[in-house]
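Now for the letters of each chain:
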Amino acid sequence: MAACVSRVELSVSCRSLLDRDLRSRSDPLCVLLQDAGGGRWAELDRTERIKNCQDPEFCKKLVVDYYFEKVQKLKFGVYDIDNKTFDLNDDDYLGGIECTLGQVVSSSVFTRPLELKQGKPAGKGTITISAEEIKDTRVVYLEIEAQKLDKKDFLGKSDPFLEFYKQGDAGMWQLVYRSEVIKNNLNPCWRKFSVPLQTFCGGDFNKPIKVQCLDHDSDGSHDLIGAVQTTLVQMQTAGPGSPVEFECIHPEKKQKKKSYKNSGIIRVKSCKIETEYSFLDYVMGGCQINFTVGVDFTASNGDPKSPDSLHHISPDGINEYLIAIWSVGSVVQDYDTDKLFPAFGFGAQVPPTWQVSHEFALNFNPSNPYCAGIQGVVDAYRQILPQIRLYGPTNFSPIINHVARFAAHSMQQGTAAHYYILLIITDGEITDLDQTRQAIVDASKLPMSIIIVGVGQADFKAMEFLDGDNGVLKSVTGEPAARDIVQFVPFRQFKNAPREALSQVVLAEVPKQLVSYYKWKGWPPLKPPEIKAM
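Residues numbered from 1 in each chain as written. Predicted model: local features only at pLDDT ≥ 70, side-chain atom pairs only at ≥ 80, totals over all residues. Heavy atoms only, no water.

Per an unreviewed UniProt entry, the recorded name for the protein is Copine-3, and the organism is Cephalopterus ornatus. If you open the UniProt record of the protein and go to Sequence similarities (unreviewed entry), you find "Belongs to the copine family." (UniProt positions renumbered as here; feature names shortened; annotations may be inferred.)

Right, here's the structure in full:
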């Protein structure tokens, strides 16, 4: 396995993008893809979408692992986003470039013309990328408000938002953060936000920081209300009850009017710096990842003896259930020292009483449902298949609540010692949707993540709803999930892809979910990393 030399953060801006919208300008987003071999590209990251803008400067940085010894082929694609779907195939392509990470890293600023396809320029569009190595794991947390801002709108007050810029080595200003817009308010209070210290000021507390306050216009022609220049050292003097105040100055107004005082006051209410731990910090610090498998044995899968059943084992010894167990389990088992995995089935009639069970051990040993390694899970699945009767209904909540009990017990220790992953493989016909919603909302407060792999050709609308990507999942009573812990992936999208493609997509969210949980709890790794002097 190649050792990751470092992580690199890429800042992206574009100029003169094509205009694909009829009545307004394009709403661009930039996606970063990495060559996955065999002519396939895997998405690594994407920026935010900026409305009505042909010269976007994206605020969200694209983060990529840099391997000195590998040629890492990258593709940057710019799209005009006109809908809410994550899929970019239904959005207009505004152009892209292919390059290597080495080219970007070795140029201080890397600018190329955008192309719609090789040799066909995307109008006069260009893309500029600059790279910075992430060396510092500290994060700046800021709370900012403003008072008595200038009124910019003819019919209402201003709609203010903030932009923070750091000064680069060549004196250029680089965008590091853009706040939300607060409508119709001359005394706005923006929500607390955080920016990695490296991004914010390159770790230099005396580096000049420019704060611009602008009035948002829906057509993208935002008006400057005023600006402030400061440093992190000055902002850090803010404390409870004693904010740091800066006059917000509009340079043109200051030149024209002798009586001009300011265009409002920017107040830094709080400025704190904290260490942010990574997934590897927790794992290398001793956090165990406990993996549990839940297999759907309901009748909608079809009789395992029939070749068109989802549980039918083909002559070469596999089916979609087994591939899902193998591909996800083989990655996760490296993070679990004892390599003992509890495995359960649900929705079948089980001997000797032939009662329907929604959490039976695949090895038929309820007091010790652990299988030795992923091979043990696969063997137990193959052995149990001829011994049970597929039945119903499809209830997810019992197995989610089962794992949640272990996670709750672990949580009471108050340390980042154990994190739980539940893999549910199902044909998607869920019966207890309301109870499952409640179980997920309860589990979102615990150290656990749920991965659902949908097999077969069913309509997976209920699974996509549980995933919560289109908004926060709520229980029937309206209680929201504390965090997003469900990742749903339909197996059919990976039918012809290499095995590792499924595990990469399925497990992509887990590191973020683990880190977000321990951050929410304020728990450091069991053995925190030594902070190296800069």
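Let us look at the pairing of strand β13 (residues 209–215). Side-chain direction in a regular strand flips from residue to residue, so the side chains alternate between the two faces of the sheet. Counted residue by residue, β13 has 7 buried out of 7 residues, so it is predominantly covered. Side chains I209, V211, C213 and D215 project from β13 onto one buried face, and the interleaved K210, Q212 and L214 project onto a second face that is buried too. Here strand β10 (residues 160–167) pairs with β13 via 7 bridges, running antiparallel. Paired with K166 across the strands is I209, a residue of β13. (Buried < 20%, exposed > 50% of the residue type's maximum accessible area, 1.4 Å probe, protein only. Helix = DSSP H or I, 4+ residues; strand = E, 2+ residues; numbered from the N terminus. Pairing = 2+ DSSP bridges.)

Pairing in this open sheet of 4 strands is antiparallel, and the strands run β11-β10-β13-β14 from one edge to the other. Looking at which strands have only one partner, the edges of the open sheet turn out to be β11 (173–178) and β14 (223–230). Across the sheet, the mean angle separating the axes of adjacent strands is 25° when strand polarity is ignored. Judged from the 5 bridges that link them, β10 and β11 form a sheet pairing that is antiparallel. Bridged to Y165 within β11 is L175. (Axes fitted to C-alpha atoms, helices over the stretch in contact; angles between N-to-C directions.)

Moving on to helix α8 (residues 397–411). Taking 1.5 Å per residue as the helical rise, α8 with its 15 residues ought to reach 21 Å, and the 20 Å between its terminal C-alpha atoms agrees with that figure. Every buried residue belonging to α8 is among S397, P398, I399, I400, H402, V403, A404, A407 and S410, and all of these are buried. On its buried face, α8 sits against β17 (288–296), β18 (340–346), β24 (418–426), α9 (433–443) and β25 (448–454). (Expected span 1.5 Å × (residues − 1). Contact = heavy atoms within 4.5 Å.)

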